[in-house]
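Coordinate inspection notes
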Amino acid sequence: MENVRLKQLQSFVGKPFSGSPSPFAHWLNGTVVSVDNKSVEFQFLVRKEMTNPVGMLHGGVISGMIDDCIGVNFFILGLEYFYPTINLNVEFFNPVLEGETLLVKTQVMKQGKTVINIKADVIIENTRKVVAQATSNLVISSIKIPY
């Protein structure tokens, strides 16, 4: 059976992901870098409105980037039911400044019948410095995905 969601995301490689149904994803304005059946990679430009009072990328925005990419990673699995995030554990290592570009790569680590574990790595594109790493668990719900 063809995975239509995976094919849709693959059609955005090298472009901003304007196909997302999420208003938050549109605000983040991520560009799809790569995608396969178990992982995604997005690129994000850090804008002024994403920074904290001292000019560094806000930790909540980093966490939001991670969570959004994890959601996309889940979506391309092509499953019938929605799996909401039940936890998101983020560790921060290096600051990011306005104008820098981040890469967020997520990967399914374990896909069970009721729980999916996904990890994420966030790096600064030009220096390859690790900004953050995260793990998340998603659990099956009774909500059918309509598309």
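Here, the structure is the one placed above.
All values derive from a computational prediction rather than experimental measurement.

Here we take up the sheet that holds strand S2 (residues 39-45). Across the sheet, 6 strands lie side by side as S1-S2-S4-S5-S6-S3; this open sheet has antiparallel pairing. Bordering the open sheet on either side are strand S1 (31-35) and strand S3 (85-92), each of which pairs with just one other strand. Adjacent strand axes in the sheet meet at a mean angle of 20° when their direction is disregarded. In terms of strand pairing, S1 meets S2 through 4 bridges, oriented antiparallel. Bridged to Val32 within S2 is Phe42.

This brings us to the pattern of salt bridges. Pairs can form between side chains of opposite charge once their charged atoms are near each other. Applying the stated criterion across every chain yields a total of 3 salt bridges. One salt bridge in this structure joins Arg47 and Glu49, with 2.7 Å as the shortest N-O distance. Residues Asp121 and Lys119 are paired through a salt bridge, measuring 3.9 Å at the closest nitrogen-oxygen approach. Overall, the relative accessible area of 25% leaves Asp121 in the partly exposed class.

Another aspect to go through is helix H3 (residues 59-75). Residues lying three or four places apart along an α-helix face the same way, a consequence of the helix completing one turn every 3.6 residues. In this model, H3 (17 residues) spans 24 Å end to end at C-alpha, consistent with the 24 Å of a helix rising 1.5 Å per residue. Burial within H3 is extensive, with 12 of its 17 residues counted as buried.

Where burial is concerned, most of S2 is hidden: 5 out of the 7 residues are buried. Counted between consecutive antiparallel strands, the loop separating S1 from S2 contains 3 residues. Bridge analysis of S2 against strand S4 (residues 101-111) gives 7 bridges, and the strand direction is antiparallel. Its bridge partner lying in S4, Phe44 is registered against Leu102.

Scoring rules and cut-offs
Residues numbered from 1 in each chain as written. Predicted model: local features only at pLDDT ≥ 70, side-chain atom pairs only at ≥ 80, totals over all residues. Heavy atoms only, no water. Pairing = 2+ DSSP bridges. Helix = DSSP H or I, 4+ residues; strand = E, 2+ residues; numbered from the N terminus. Axes fitted to C-alpha atoms, helices over the stretch in contact; angles between N-to-C directions. Salt bridge = Lys/Arg side-chain N within 4 Å of Asp/Glu carboxyl O. Buried < 20%, exposed > 50% of the residue type's maximum accessible area, 1.4 Å probe, protein only. Expected span 1.5 Å × (residues − 1).

Geometric values such as these leave the question of function open.
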